Amino acid sequence: MKRVFLIVLDSLGIGELPDAPLFNDHDCNTLKRISSSPFFCFENTGKMGMGNIDGLDLPKEDHPTAAVCRLLERSMGKDTTIGHWEIAGIVSPAPMPTYPKGFPREILEEFTRQTGRGILCNLPYSGTDVIRDYGEEHLNTGKLIVYTSADSVFQIAAHEDMIPPEELYEYCRIARGILKGKHAVGRVIARPFTGTPGNFTRTANRKDFSLPPPRPTLLDALYEKGKTVYAIGKIGDIFAFRGVTERALTHSNAEGMRLLSKALDKDFEGLCFANLVDFDMLYGHRRDVDGYARAFAEFDRWLPTFTERMRDEDLLIVTADHGCDPGHDGSDHTRESVPLLVYGQSVNPLNLGTRSGFCDIAATVGEYLGLSFRGDGKSFLPLIALPTQTEKSLCAAAIEAQTKAYSPYSEFSVGAALLTESGKIYTGCNIENAAYPSTICAERTALFKAVSEGERTFSMLAVYGAKREHPRGFDFADDGKIENPGTLTPIPEEPTEETPHFPDHLHTDAWFSDGVCPPCGVCRQALSEFCDPSMPILLVRRDGTFRKTSLGDLLPHSFTNKNLKN
Ligand code: THU
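Peer 1: Could you give an account of empty space enclosed by the protein, with specific residues and numbers?
Peer 2: Summed over the entire model, instances satisfying the criterion amount to 1 cavity of 30 Å³ or more. Here the largest cavity defines a volume of roughly 40 Å³. Residue lining of the largest cavity: A231, G233, K234, G236, D237, F241, R247, A248 and L249, and that is the complete set. When residues of the lining of the largest cavity are traced back to their parent elements, those giving at least two are α8 (235-238) and β10 (246-248). Residue composition of the lining of the largest cavity, grouped by class: 4 nonpolar, 2 polar and 3 charged.

Peer 1: Help me get a handle on the environment of P100, residues and values and all.
Peer 2: The residue P100 is located in the loop between α3 (80-87) and α4 (105-115) in this model. When the C-alpha positions of P100 and R176 are compared, they lie 19 Å apart, and in sequence the two are 76 residues distant.

Peer 1: Before we move on, could you go through the site of the ligand and cite the residues and values that matter?
Peer 2: Neighbouring the ligand are the residues S410, F412, V414, N430, E432, T439, C441, A442, E443, P518, P519 and C520. Protein chains shield 79% of the accessible area of the ligand, which is 370 Å² for the free molecule. Contributions of two or more residues to the shell around the ligand are made by β15 (412-420) and α15 (442-452). Taken together, the residues of the shell around the ligand break down into 7 nonpolar, 3 polar and 2 charged.

Peer 1: Please set out the confidence of the model for the protein chain residue by residue, giving values where relevant.
Peer 2: Regions with low pLDDT carry predicted coordinates that are not meant to be interpreted in detail. Scored by pLDDT, the protein chain has a mean of 91; 92% of the residues are at 70 or more. Note that residues 470-477 has pLDDT below 50 and, in this model, 25 contacts with residues that lie over four places away or in other chains. Here residues 480-508 is a poorly scored stretch, pLDDT under 50, and it has 62 contacts once near neighbours within four places are set aside; other chains count.

Peer 1: Tell me about the sheet that holds strand β11 (residues 270-276), residues and numbers included.
Peer 2: Remark on secondary structure: sheet strands pair via backbone hydrogen bonds, oriented parallel or antiparallel. The strand order β10-β9-β11-β1-β12-β13-β2-β14 describes an open sheet built from 8 strands, whose pairing is mixed. The open sheet terminates on both sides in strands that have one partner only, identified here as β10 and β14 (351-356). Neighbour-to-neighbour, the strand axes of the sheet open up by a mean angle of 15 degrees, direction not taken into account. As paired strands, strand β1 (residues 3-9) and β11 are joined by 7 bridges and run parallel to one another. Paired with L9 across the two strands is L276, which belongs to β11. With respect to the sheet, helix α11 (residues 289-307) is in contact with β1, β11, β12 (314-319) and β13 (338-343), its orientation differing from that of β1 by roughly 175 degrees. Docked against the sheet, helix α12 (residues 360-368) engages β1, β2 (67-72), β11, β12, β13 and β14, running at close to 175 degrees with respect to β12.

Peer 1: Go over the environment of K78 with me, naming the residues and quoting the values.
Peer 2: Relative to the elements of secondary structure, K78 occurs in the loop between β2 and α3. Among the residues examined, K78 registers a relative accessible area of 12% and is labelled buried. On a C-alpha basis, the gap between K78 and R335 in space is 5.6 Å, while along the polypeptide they are 257 residues apart. Those residues in contact with K78 that lie beyond four places of it in its chain are F23, D25, E73, H322, D332, H333, T334 and R335. A distance of 3.0 Å separates a polar atom in the side chain of K78 from a polar atom in the side chain of D25.

Peer 1: I'd like a rundown of the packing of α15 against helix α17 (residues 521-528), residues and numbers included.
Peer 2: It is the contact of α15 with α17, at a shortest axis distance of 9 Å, that shows an interaxial angle of 20 degrees. Taken as axis vectors, α15 and α17 run roughly parallel relative to one another. Handedness of the crossing formed by α15 with α17: left-handed. Touching E443, R444 and L447 of α15 are V522, C523, A526 and L527, all from α17. Along the lines of polarity and charge, the residues of the contact of α15 with α17 split into 5 nonpolar, no polar and 2 charged.

Peer 1: Run through the sheet that holds β15, naming residues and quoting values.
Peer 2: Spatially, 5 strands are ordered β16-β15-β17-β20-β21 in an open sheet, and the strand pairing comes out mixed. Looking at which strands have only one partner, the edges of the open sheet turn out to be β16 (425-429) and β21 (546-550). Here the strands of the sheet are splayed against their neighbours by 20 degrees on average, with no regard to which way each runs. Of the strands in this sheet, β15, β16, β17 (458-467), β20 (536-540) and β21 are in contact with helix α14 (residues 389-402), which crosses β15 at around 145 degrees. Sitting on the sheet, α15 touches β15, β16 and β17, and the angle it makes with β16 is about 140 degrees.

Peer 1: Residue-level account of the pairing of β13, with values.
Peer 2: β13 sits mainly inside the fold: 6 of its 6 residues count as buried. Bridge count between β2 and β13: 5 bridges; the pairing is antiparallel. In the strand pairing of β13, L71 is matched with V338. Bridge count between β12 and β13: 3 bridges; the pairing is antiparallel. Bridge pairing in β13 links L316 to Y343.

Peer 1: Please give an account of the packing of aromatic side chains that cites residues and values.
Peer 2: Taken as a whole, this structure holds 16 aromatic pairs when the rule is applied. Between F5 and F306, the aromatic rings sit 5.3 Å apart at their centres with planes inclined by 80 degrees, giving edge-to-face as the arrangement. With a gap of 301 residues between them, F5 in strand β1 and F306 in helix α11 connect regions that are remote in the sequence. The pair formed by F5 and F306 is uniform in burial state, with each residue classed as buried. On the basis of an interplanar angle of 50 degrees and a centroid distance of 5.9 Å, the ring pair of F239 and F273 is categorised as tilted. Here F239, found in the loop between α8 and β10, pairs with F273, found in strand β11; they are 34 residues apart in sequence, far enough to count as distant. Look at F239 and you get buried, because its relative accessible area is 0%. Its end group placed over the ring of Y368, K2 keeps NZ or CZ at 4.7 Å from the ring centre. The aromatic ring of Y169 is capped on one face by K207, whose charged end is 5.3 Å from the ring centroid.

Peer 1: Account for the nonpolar core, naming residues and giving values.
Peer 2: One finds L218, F296, F299 and L316 to be the most contacted residues of the largest nonpolar core, which totals 88 residues. If you tally residues by element for this core, the top one is α11, at 8 residues. In this view, F296 contacts L9, L12, I34, F40, C41, F42, T45, M50 and F279; residues no more than four positions away in its chain are not counted. Counting 23 residues, the second-largest nonpolar core is a separate cluster that includes Y99, L144, A175 and I178.

Conventions we followed
Residues numbered from 1 in each chain as written. Predicted model: local features only at pLDDT ≥ 70, side-chain atom pairs only at ≥ 80, totals over all residues. Heavy atoms only, no water. 1 Å grid on protein atoms, 1.4 Å probe; cavity = no way out; pocket = protein on both sides within 12 Å on 5 of 7 lines; lining within 4 Å. Points joined across faces, edges and corners; volume = space filled by probe spheres on them. Helix = DSSP H or I, 4+ residues; strand = E, 2+ residues; numbered from the N terminus. Nonpolar A, V, L, I, M, F, W, Y, C, P; charged D, E, K, R; others polar. Near = heavy atom within 4 Å. Areas by Shrake-Rupley, 256 points an atom, 1.4 Å probe, with all protein chains shown as cover. pLDDT = per-residue confidence, 0-100. Contact = heavy atoms within 4.5 Å. Pairing = 2+ DSSP bridges. Axes fitted to C-alpha atoms, helices over the stretch in contact; angles between N-to-C directions. Buried < 20%, exposed > 50% of the residue type's maximum accessible area, 1.4 Å probe, protein only. Polar contact = N/O pair within 3.5 Å; in protein donor to acceptor, adjacent residues only side chain to side chain. Parallel < 35°, antiparallel > 145°, perpendicular 65-115°, else oblique. Left-handed = near helix turned anticlockwise from the far one by under 90°. Phe/Tyr/Trp six-rings, centres within 6.5 Å; stacked < 30°, edge-to-face > 60°. Lys NZ or Arg CZ within 6 Å of the ring centre and 35° of its normal. Core = buried A, V, L, I, M, F, W, Y, C linked by side-chain atoms within 4.5 Å.

What follows is the structure, given as structure tokens:
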């Protein structure tokens with residue numbers, strides 16, 4: 001019985017995205033900020049490998065227990081709804097509309113026409129101030145108090161004695177019906193209040209009318225297949241309850257964690273999707289660094305109590321939906337990348353580097369739970385599966401092939417092992433030439449050997465490269481021949497360069513310079529002629545461990561025969 005527990009630490013960003021200035025953000029990094037607090041503790045998330053994530057300046061873990069990754073947001077937004085929709089598979093190309101100057105006339109005229117009621121305020125306003133300033137006029141005229149905030153919301157306040165909550169909810173439904181297309185706000189909110197002028201107070205009858213996701217999400221796909229979708233916290237609301245089979249509201253992170261622990265005792269096949277909102281609501285927006293750090297430490301302490309009770313087929317995914325750096329100006333969210341931790345008995349604790357799109361989570365969960373759903377994402381499940389015997393053999397073959405390299409000029413020896421669909425392994429090494437450009441790489445040697453033997457379909461590639469033992473590994477004899485071509489045992493690893501800070505180009509990421517030899521561009525193109533973009537590529541390191549990537553990840557837009565027909 002496969003169960004996925006997906007936990008969103010609301011607003012736990014890990015550093016600004018390259019386009020942060022478009023969102024009026026700069027120098028924001030929620031996790032980094034809270035790590036400066038004396039209350040910060042990341043003992044257990046650290047053991048999982050949180051500190052190994054690209055771009056993070058936290059202690060590293062040599063033997064992490066979870067697969068980790070930095071995820072970049074593809075959607076043009078930094079709000080909760082868009083972030084969660086992307087986690088569930090949908091990229092939003094445009095931010096949800098906000099109304100710093102109030103709603104346009106055509107919207108309000110249509111609203112008045114359908115409700116028969118006039119409008120007061122129509123500005124961004126604090127919820128308590130708005131009833132203080134407009135409550136009396138509302139009681140005298142029967143007009144509705146319409147206001148907004150920095151978020152994408154259309155809020156309607158009305159006194160319960162004048163307009164009973166049910167009637168107010170009906171007005172919200174009318175507003176929801178009007179606010180479509182470019183005016184599709186994230187939420188319409190009923191804000192009933194009570195009391196007398198000077199003493200108005202809001203009641204507990206607030207009700208949110210969320211915008212349903214524009215396309216089917218992972219939740220819909222699970223629902224359709226009869227799987228469980230258990231929504232904890234505000235998850236149900238974010239998806240307008242679509243695809244949710246069971247839900248539990250929470251009032252705090254502690255309650256969310258308690259419900260998650262309880263969910264471990266339930267028998268179900270599907271997804272338990274939880275949002276821990278205190279990080280954002282109580283500490284991020286209020287710019288409370290120590291409060292945020294304390295809340296994170298609480299989560300960190302709780303984590304092992306959860307993981308130790310997980311079953312063999314359970315998967316735990318921890319991530320975030322956007323940033324809300326408590327040390328940043330203002331009180332708004334911040335445009336950041338987010339962490340991803342994936343833990344489970346079937347997970348290989350690899351560092352997946354940096355990936356573009358929270359939606360890869362949905363694709364991965366979809367694949368894990370046997371759905372065809374991938375949404376806008378790409379599944380990284382094959383990348384984090386534990387190494388198979390085939391993978392181990394292929395890595396060993398690449399290391400062995402490297403010992404045959406002829407590389408007297410660069411003193412860098414490479415071995416490649418290419419697996420055919422029928423299970424045969426073709427190896428190759430780099431073969432250099434005194435006329436330098438005549439050199440051929442190990443990958444192409446293997447590929448061309450195989451193709452020339454009639455092979456056409458391949459299922460995996462392993463590459464290993466290392467400097468040779470003697471720095472000056474060869475000499476020229478009098479007759480011009482090379483003697484002493486050097487022994488081919490690799491020299492001990494040299495310290496790698498410091499991780500360059502994002503937003504440097506992906507290839508400079510630690511992931512690709514951490515003792516691996518990624519195929520060069522020409523080899524990627526040559527391979528793409530015969531191999532599928534999904535073909536796994538194993539980048540083998542000195543200790544025999546490997547990074548797993550795919551041809552499509554390394555070369556997303558190869559030149560193909562289709563381009564020849566333009
Ligand atoms: N090399 C490979 O064999 N494969 C690669 O993907 C990268 C580079 C070889 C070519 C050359 O002999 C040496 O490494 C240094 O560039």
